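In case you want the letters, here they are:
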Amino acid sequence: MRILSRLLVVVGVIVLIVSGVLLGKDVIDINQLHAVANANRSTNFPSPLNNVLITYALSVAGAFLTGLGVSMPKGRTRP
């Protein structure tokens, strides 16, 4: 259980870091879309909605895995 616990914590933290990077990218994309809308131009920019939903799902999964890994027993219990 100790190895599985550490593995889940590491995977959870990695997923949270990836989620944070994607969230930063989404913020930049949304700011660009906002700037285009304010400039009253009609250029074709992709919608960041799918990226925001993926970021949300990764955040939830990462938080769940991290919490699960932290809450698991660290070693064997002796009788």
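Structure: see above.
Residues numbered from 1 in each chain as written. Predicted model: local features only at pLDDT ≥ 70, side-chain atom pairs only at ≥ 80, totals over all residues. Heavy atoms only, no water.

A.B. asks: Let's hear about the overall build of the protein chain: which residues, and what values?
C.D. replies: Along its length, the protein chain carries two helices and zero strands. In the protein chain, buried positions account for 18% of the 79 residues. Carbon and sulfur atoms make up 70% of the accessible area of the protein chain, which amounts to about 6200 Å² in all. (Helix = DSSP H or I, 4+ residues; strand = E, 2+ residues; numbered from the N terminus. Buried < 20%, exposed > 50% of the residue type's maximum accessible area, 1.4 Å probe, protein only. Areas by Shrake-Rupley, 256 points an atom, 1.4 Å probe, with all protein chains shown as cover.)

A.B. asks: Talk me through a nonpolar patch on the surface; I want residue IDs and the actual numbers.
C.D. replies: Together, Leu4, Leu7 and Val11 give the surface a local cluster of nonpolar side chains, amounting to about 240 Å² of exposed area. Locating Leu4 in the fold gives a position in helix α1 (residues 2-39). (Patch = residues over 30% accessible without salt bridge, like charges linked within 9 Å, V, L, I, M, F, W, Y side chains within 5 Å. Salt bridge = Lys/Arg side-chain N within 4 Å of Asp/Glu carboxyl O.)

A.B. asks: Can you explain the side chain of Thr66? Please cite residues and give values.
C.D. replies: Note that Thr66 resides in helix α2 (residues 49-71). When near neighbours in sequence (up to four residues on either side) are disregarded, Thr66 contacts Leu8, Val9, Gly12, Val13 and Leu16. (Contact = heavy atoms within 4.5 Å.)

A.B. asks: Describe in detail the side chain of Thr55, supporting the description with residues and values.
C.D. replies: Relative to the assigned elements, Thr55 resides in helix α2. By relative accessible area, Thr55 is classed as buried at 3%. Of the polar contacts made by the side chain of Thr55, one reaches the backbone oxygen of Asn51; its length is 2.7 Å. Apart from the residues within four sequence positions on either side, Thr55 is in contact with Ser19, Leu22, Leu23 and Asp26. (Polar contact = N/O pair within 3.5 Å; in protein donor to acceptor, adjacent residues only side chain to side chain.)

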